[in-house]
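The residues making up each chain are set out below.
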Amino acid sequence: MSTATNQEVKAAKLDKELLLGAYRMACLSRRVDDKEIQLKRQNRAFFQISGVGHETLGVALALHLKAGYDWFYPYYRDRALCLQLGMTPYEMFLASVGAGDDPGSAGRQMPSHWGHKKLHIVSQSSPTGTQVPQAVGAAEASQYFALVKEAAELATSFHSDEVIYVSLGDGASSEGEFWESLNWACGRSLPVLYVVEDNGFAISVPVDVQTVGGSISRLVKSFPHLLVLECDGTDFPASYEEAGKAVEYVRARRGPALIHAHVIRPYSHSLSDDERLYKPDELRQEEARRDPLLRLGNLLRQEGLAGEKQLKEIETEVDREVREAADQALAAQPASPDTLLRYLYSPTVDPTSEHFDQPPRFNGEPRTMVDLINAVLRDEMARDPRVVIFGEDVADCSHENELPKVKGKGGVFKVTHGLQRDFGSARCYNTTLAEAGIVGRAIGMATRGLKPVVEIQFLDYIWPAMMQIRDELVTLRWRSNNAFSCPLVIRVPIGGYLAGGAIYHSQSGESIFTHLPGLRVVMPATALDANGLLRTAIRCDDPVLFLEPKHLYRQTYNRAPYPGRDHMIPFGKAKLVQEGTTLTIVTYGSLVHRAVQGLKTLEQEGILPEILDLRSLNPYDWELIAASVKKTNRVLVLHEDSISWGYGAEIAARIADELFEFLDAPVRRLGAKDVYVPYHPVLEDAMLPQPADIVRAAKELAAY
Ligand SMILES: Cc1ncc(C[n+]2csc(CCOP(=O)(O)OP(=O)(O)O)c2C)c(N)n1
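Note that the coordinates shown come from a computational prediction; the quantities given were computed from them, not determined experimentally. Here the residue numbering is sequential within each chain, running from 1 through the sequence in written order. In keeping with the model being predicted, local features are shown solely for residues with a pLDDT of at least 70 and side-chain atom pairs are shown and tallied solely at 80 or more, while totals for entire chains, interfaces and linings include all residues. The basis for the side-chain values is all heavy atoms of the structure; hydrogens and waters are excluded.

Some thoughts on the overall build of the protein
Next up, step 1: Tallying secondary structure elements over the protein gives 27 helices and 21 strands in all.
Next up, step 2: Throughout, the radius of gyration refers to the C-alpha atoms, and the reference size of a globule is 2.2 Å times the residue count to the power 0.38. By the compact-globule yardstick of 27 Å for 704 residues, the protein fits well, its C-alpha radius of gyration being 29 Å.
Next up, step 3: Its C-alpha atoms give the protein principal-axis dimensions of about 100 × 65 × 45 Å.
Next up, step 4: Any two residues having at least one pair of non-hydrogen atoms within 4.5 Å are treated as being in contact. Here the analysis covers contacts within the protein between residues at least 6 apart in sequence; of these, 81% occur between residues at least 24 apart.
Next up, step 5: As used throughout, the charge tally considers Lys and Arg to be positive and Asp and Glu to be negative, leaving His and the chain termini uncounted. Note that the charge is assigned to NZ on lysines, CZ on arginines, CG on aspartates and CD on glutamates. Seen as two clouds, the 76 positive and the 92 negative side-chain charges of the protein have centres 2 Å apart. Strands are runs of DSSP state E lasting at least two residues, helices are runs of H or I lasting at least four, and both sets are numbered from the N terminus onward.

What to know about the pattern of salt bridges
Next up, step 1: Each salt bridge in this description consists of a side-chain nitrogen of Lys or Arg and a carboxyl oxygen of Asp or Glu lying within 4 Å of one another. By the definition in use, this model includes 48 salt bridges.
Next up, step 2: In this structure, the salt-bridge partner of Lys573 is Asp357, at a minimum N-O distance of 3.1 Å. In this pair, Lys573 sits in the loop between strand 15 (560-562) and strand 16 (575-578) while Asp357 sits in the loop between helix 14 (308-330) and strand 8 (363-367), placing the two residues 216 residues apart along the sequence.
Next up, step 3: On the accessibility criterion, Lys573 (36% relative accessible area) is partly exposed. Exposure is judged per residue with a 1.4 Å probe applied to protein chains only, and the accessible area is read against the type maximum: over 50% gives exposed, under 20% gives buried, and values in between give partly exposed.

Considerations on the sheet that holds strand 13 (residues 520-522)
Next up, step 1: Strands pair, by our definition, only if DSSP identifies at least two bridges between them. Pairing is mixed across the open sheet formed by seven strands, whose spatial order is 10-9-11-12-14-13-19. Of all the strands in the sheet, the pair left with one neighbour each is strand 10 (428-430) and strand 19 (616-618). Between one strand and the next, the sheet's axes are offset by a mean angle of 20 degrees, whatever the strand orientation.
Next up, step 2: Where strand 12 (residues 489-494) meets strand 14 (residues 544-549), six bridges bridge the pair, whose relative direction is parallel. Across the sheet, the residue bridging to Val492 is Leu547, located in strand 14. The axes used here are C-alpha line fits, helices contributing only the stretch in contact, and every angle between their N-to-C directions lies in the interval 0 to 180 degrees.

Focus on the packing of aromatic side chains
Next up, step 1: What counts as a ring pair is set by centres within 6.5 Å for rings of Phe, Tyr and Trp (its six-membered ring), and what kind of pair is set by the plane angle: stacked under 30 degrees, edge-to-face over 60, tilted for all other angles. Following the criterion strictly, the structure yields 16 aromatic pairs and no others.
Next up, step 2: A ring pair is formed by Trp179 and Phe223, whose centres lie 6.2 Å apart and whose planes are at 35 degrees; its orientation type is tilted. Separated by 44 residues along the polypeptide, Trp179 in helix 8 (residues 176-187) and Phe223 in the loop between helix 10 (216-220) and strand 6 (227-232) bring together distant segments of the chain.
Next up, step 3: Measuring from centroid to centroid gives 5.4 Å for Phe413 and Phe458, while their planes differ by 70 degrees, and the two rings are edge-to-face. In this pair, Phe413 sits in the loop between strand 9 (387-391) and helix 16 (419-423) while Phe458 sits in the loop between strand 11 (451-455) and helix 18 (466-473), placing the two residues 45 residues apart along the sequence. Neither residue differs from the other here; Phe413 and Phe458 are each classed as buried.
Next up, step 4: We call a charge positioned above a ring when the Lys NZ or Arg CZ atom is no farther than 6 Å from the ring centre and deviates by at most 35 degrees from the ring normal. If you follow Arg441 out to its NZ or CZ, it ends over the ring of Trp184, 4.3 Å from the centre.

A short note on the packing of helix 2 (residues 16-41) against helix 3 (residues 55-64)
For any two helices packed against each other, the geometry is given by the interaxial angle and the distance between the axes.
Next up, step 1: Close contact between helix 2 and helix 3 brings their axes to 9 Å; oriented N to C, the two are set at 125 degrees. Here helix 3 runs oblique to helix 2, going by the angle between their axes. Of the two possible hands of crossing, helix 2 and helix 3 adopt the one that is right-handed. On the side of helix 2, the interface is formed by Leu18, Ala22, Met25, Ala26, Ser29 and Arg30, while helix 3 contributes Glu55, Thr56, Val59 and Leu63.
Next up, step 2: Each residue receives one of three labels: charged for Asp, Glu, Lys and Arg, nonpolar for Ala, Val, Leu, Ile, Met, Phe, Trp, Tyr, Cys and Pro, and polar for the others, Gly being one of them. Partitioned by chemical class, the residues of the contact of helix 2 with helix 3 number six nonpolar, two polar and two charged. Angles below 35 degrees are treated as roughly parallel, those above 145 as roughly antiparallel, those between 65 and 115 as roughly perpendicular, and all remaining angles as oblique. Definitions for this section: a left-handed crossing has its near helix turned counterclockwise from the far helix by less than a right angle. A right-handed crossing has that turn clockwise.

Structural notes on helix 8
Next up, step 1: Under the convention used throughout, the expected extent of a helix is 1.5 Å for every residue step, that is, one less than its residue count. For helix 8, with 12 residues, the first-to-last C-alpha span of 17 Å sits near the 16 Å given by 1.5 Å per residue.
Next up, step 2: Turning to helix 8, its buried residues number three or more, namely Glu177, Phe178, Ser181, Leu182, Trp184, Ala185 and Cys186.
Next up, step 3: Count one or two residues on from helix 8 and you reach Ser189, which has phi positive near 55 degrees.

Regarding helix 21 (residues 527-539)
Next up, step 1: With 13 residues, helix 21 should cover 18 Å at 1.5 Å per step; its first-to-last C-alpha distance of 19 Å lies within 8% of that length.
Next up, step 2: Listed as buried for helix 21 are Ala527, Leu528, Asp529, Ala530, Asn531, Gly532, Leu533, Leu534, Arg535, Thr536, Ala537 and Ile538.

Some words on the sheet that holds strand 1 (residues 71-73)
Next up, step 1: Spatial strand order, 1-2-3-7-6: five strands in an open sheet with parallel pairing. Each edge of the open sheet carries a strand with a single partner, namely strand 1 and strand 6. When strand polarity is set aside, the average angle formed by the axes of neighbouring strands in this sheet is 15 degrees.
Next up, step 2: Here strand 6 runs beside strand 7 (residues 257-262); their pairing, made up of six bridges, is parallel. Residue pairing for strand 7: Leu229 is matched across the bridge by Ile259.
Next up, step 3: Relative to the sheet, helix 11 (residues 236-251) contacts strand 3 (192-198), strand 6 and strand 7, its axis offset from that of strand 6 by approximately 165 degrees.

Regarding the state of the cysteines
Next up, step 1: Any cysteine sulfur atom paired with another within 2.5 Å is treated as part of a disulfide. On inspection of all chains with the given rule, the structure shows zero disulfides.
Next up, step 2: Among the cysteines around Cys82, which has no disulfide bond, Cys27 carries the closest sulfur, lying 18 Å off.
Next up, step 3: With no disulfide of its own, Cys231 lies closest to Cys82 among cysteine sulfurs, the gap being 18 Å.
Next up, step 4: Of the residues examined, Cys231 reaches a relative accessible area of 1% and is grouped as buried.

Description of the side chain of Asn374
Next up, step 1: With respect to the secondary-structure elements, Asn374 resides in helix 15 (residues 369-383).
Next up, step 2: A 3.5 Å cut-off defines polar contacts: any pair of N or O atoms within that distance qualifies, except that in protein one atom must be a possible hydrogen donor and the other a possible acceptor, and neighbouring residues in sequence count only when both atoms are side-chain atoms. There is a polar contact of 2.7 Å between the side chain of Asn374 and the backbone oxygen of Val415.
Next up, step 3: A polar side-chain atom of Asn374 sits 3.0 Å from the main-chain carbonyl oxygen of His417.
Next up, step 4: Those residues in contact with Asn374 that sit more than four places away from it in its chain are Lys414, Val415, Thr416, His417 and Leu419.

Listed below in structure tokens is the structure:
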């Protein structure tokens, strides 16, 4: 490890101006923290977390990196890094007070959750570790742009030697996403610079409890291609030297690098924490002796590079700058409540608009849903070089040299079959078995302008990616006030009626996702709709969860001829599957056909249901639902997912709320039982709604 003992030796090699500049910047960072703490105590800021103890490390790193050229995913302790990159104290205070003009988030995000479009500081969230796969995705985009020139030409910013910076704490390095990301970044030799800022504690948990053996750098040394460096992050010259080596290694495309920097955290975790409760005094005193600002000041004095007076002048000047910036920010207007709902979705591309209503131009024999999904993926890959497909088993054969010898896998359901063979391994490839990594990396790639269409193999296995979906994918545009976005498509086979799928291959769960503002959720019931809706999903500018009922993949009854390269169906537009007068059945997915199966029996009894296939679940077609209910005055909401707190609860509640005076009967719901999908077909049948259940519910409703 590069240690404090050689601080002076290294300092001798450094320029006086550089050291004085670093001192000034570190001071500025410290004083901004101190001022923000004061504002918080005065109730004029609402949160504070400091970068104290990490200052000279941040400055050292930023001095080797290029704002607006490299890309940054900084941890919340990276105030000094952000200042050195070009963020101003005024911009930071705008975030402290939650001003409408805060360039990071317009009052939506806590301060120290950095974001700055011009500087390429990608808006950060709060979960510890989610930033890491995204940074790796941004680096994967870099590699993709280098390989696929036509995509690079469409990129807003790409440089063949750019570095993607990501930092995290010693605590965050325990998160699975860190390890998933490292496995992938090293496997692909991606241009990522990891910095683990080890201040010895994650809130109250010491690093020896956090990390087996107490040293993250020791643990990661066996990762291939990874340059691992360790330094005392409170020693500016040492940090500067190690940062230089790491950045050079990554720029030269030799692989990722990881700097393990030892720093201190003297201001407790945040203002809500008091470290005296768990840190003994001796330790705190020892840390105080390593204060990076103190050390850099001493160095400047000892080396005769600055006298007491000059350092004082720097501090006085910094104090003035900080005071003025804070005063200016305090005078700024808070974000207006009118802006609250702005930028959940793209303000420029509306997937519910007429532009996305493009009728089919049929050609050829009827084809299955699998075929027509494969067809649209092909069309879109051919149309747009930014469309990239990855997931578990989606490629034909990971080893390209073996491709000519095999037929190719192309997904466990064969939906992506032939895409690798026809478009190359840069554009369709297998990834590690790591769902958070798949979605996290896709977010990073989409942020850089690519259009990832990723596959999660079964809905049952989407949960490791849930934090990326819930806290990142759907919030990025909103929380950054439209500075950043990550439009991408997650394709997910869903549901039962397959026999033998059981509890971990047949579950539904769409309402968990329709509950997430910022996410478009779609579920087609026919091959044609799957084609038209997926094309809309790929061409739209929002994140889309594309749910594919796998029971329907190869059913002959829902086949259709190829509808042409431009067939699109707007989101939020339901399909009138069957006109009727007695009651309305609102449904989607596998239950559309099951509802149709009951028609004959019902007609014999004079019951004529109107059947609506919603197709898109968020947004959904309220107008068509309302028009139908106003006509029939009775409604059954029908779905495959379990009944309680299900998708139907929302639709039924809204009908009861807004259409009460049109109802001649209570709104009925039919869904699966509140239990898990079982293995034996007899049990599965008992769990999921069957045509006979639908007929019974419709009759009861008609008779009410
Ligand atoms: C996924 C997740 N779990 C828990 C938290 C709450 N939390 C915020 S910071 C933190 C400790 C992080 O420690 P470390 O990564 O070492 O960074 P440090 O604060 O020490 O710089 C925790 C547990 C969180 N934000 N995200």
